[in-house]
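Understanding the architecture of this molecule
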Amino acid sequence: MANPSDPTARGRAILVGAGPGDPGLLTVRAVEALRSADVVIHDGLVDPRVLDLAPAGAQRISVAKKRARHTVPQEGINALIVDHVQRGAIVVRLKGGDPFIFGRGGEEVEAVRAAGLGVEVIPGVSAALGCAAEAMLPLTHRNYSSAVSFVAGQCKGLADQNWSGLAGQGRTLVIYMGVATASDIAEKLMGEGVAPDMPVAVLERGTCDDSRALRTLLADLGPMVDRERVASPAIIVVGEVVELSDAQDKLLRWAKVAENVA
């Protein structure tokens, strides 16, 4: 069995953050890991150009997940990683965004460690950071926001989650996996005291060629997602910092929103 602390050993797992979409946002270390891979176990949203960085002979295994339907359950993914590592392979577990931000990377690290195998984590540009940067939307700004929080909008028991104090004046809230529950999210936040006219941005397929940055007000979040037929992957940003994104597009969007919210 390989020494888990030896970074050059055979039979080890490397969790790699693939970033939000654009292959140009991969870290140098991530590229090096991919080029060393015998097996690449990847999410469904990873750009094919990223997968092409692995050796031609490397085995590629998709464990794509969709809402309400997991092609491979998480326990199965964990077992798949461990099985290939135990056979002596260098396994790259390629995950969209960053492995440790709503990527279940922690669970996979635990599984590999429990088997006594070597594991390394290479961070990636998270969806929040990459998508916000493309939209010229700073998540913090000394005049608008001194705190930023990340939450999942698709977790069980959304109504029971305590988001009190995470959104509002001087704060930014970033919601992952919230498209399908956008109306419920807006109602939840307004019920917890966030103003209906709080600026909101929906960043769809950020850093990809077909990305969109949509801006509205909190009270119009659900209707806007329906009108614009927003589809995952997308993140929702709630906060005054949204006003700092592209001014011309903002004015056009907000003119429409004013009619819908009034």
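Here we summarise the structure given alongside this text.

Conventions we followed
- Residues numbered from 1 in each chain as written.
- Predicted model: local features only at pLDDT ≥ 70, side-chain atom pairs only at ≥ 80, totals over all residues.
- Heavy atoms only, no water.
- Helix = DSSP H or I, 4+ residues; strand = E, 2+ residues; numbered from the N terminus.
- Buried < 20%, exposed > 50% of the residue type's maximum accessible area, 1.4 Å probe, protein only.
- Areas by Shrake-Rupley, 256 points an atom, 1.4 Å probe, with all protein chains shown as cover.
- Pairing = 2+ DSSP bridges.
- Expected span 1.5 Å × (residues − 1).
- Axes fitted to C-alpha atoms, helices over the stretch in contact; angles between N-to-C directions.
- Arc of directions from axis to C-beta.
- Contact = heavy atoms within 4.5 Å.
- Salt bridge = Lys/Arg side-chain N within 4 Å of Asp/Glu carboxyl O.

What to know about the overall build of the protein
Helices and strands together make up the secondary structure of the protein, namely 8 helices and 12 strands. Among the 262 residues that make up the protein, the fraction classed as buried is 48%. When the accessible surface of the protein is split by element, carbon and sulfur atoms take 52% of a total near 12,700 Å².

Observations regarding the pairing of strand β1 (residues 12–17)
Residues in a regular strand project their side chains so that they alternate between the two faces of the sheet. Most of β1 sits inside the fold, with 6 of its 6 residues counted as buried. A two-sided burial pattern is seen for β1, the buried positions comprising Arg12, Ile14 and Val16 on one face and Ala13, Leu15 and Gly17 on the other. In terms of strand pairing, β1 meets strand β6 (residues 90–95) through 6 bridges, oriented parallel. Considered in β6, the bridge of Ala13 is made with Val91. By the bridge criterion, 5 bridges tie β1 to strand β7 (residues 118–122) in an arrangement that is parallel. The residue bridging Leu15 from the neighbouring strand is Val121, located in β7.

Some remarks on helix α3 (residues 74–86)
Taking 1.5 Å per residue as the helical rise, α3 with its 13 residues ought to reach 18 Å, and the 18 Å between its terminal C-alpha atoms agrees with that figure. Those residues of α3 that sit buried are Gln74, Ile77, Asn78, Ile81, Val82, His84 and Val85. Once α3 ends, the next one or two residues include Gly88, with phi positive near 100°.

A look at the sheet that holds strand β11 (residues 212–217)
The sheet built from 5 strands is open, its strands ordered β8-β9-β12-β10-β11 with mixed pairing. Because the sheet does not close on itself, it has two edges, and the strands there are β8 (145–152) and β11. With strand direction ignored, the average angle separating the axes of adjacent strands in the sheet is 20°. By the bridge criterion, 6 bridges tie strand β10 (residues 199–204) to β11 in an arrangement that is antiparallel. Residue pairing in the sheet places Ala201 in a bridge with Arg215 of β11.

A short note on helix α4 (residues 105–114)
Three or more residues of α4 are buried, namely Gly105, Glu108, Val109, Ala111 and Val112. Seen end-on, α4 carries its buried residues on one side only, within an arc spanning 160°. Among the exposed residues of α4, those oriented more than 90 degrees off its buried face are Glu110, Arg113 and Ala114. Buried residues belonging to α4 abut β1, α3, β6 and β7.

A closer look at the pattern of salt bridges
All chains considered together, the criterion is met by 13 salt bridges. The salt bridge partner of Asp43 is Arg93, with a shortest N-O separation of 3.0 Å. Of the two residues, Asp43 sits in the loop between β2 (39–42) and α2 (48–51) while Arg93 sits in strand β6, which places them 50 residues apart along the sequence. Exposure remark for Arg93: the relative accessible area of 1% places this residue in the buried category. Glu108 is paired through a salt bridge with Arg93; the nearest N and O atoms lie 3.2 Å apart. A residue pair is termed long-range when its members are at least 10 positions apart, and Glu108 in helix α4 and Arg93 in strand β6 qualify at 15 residues.

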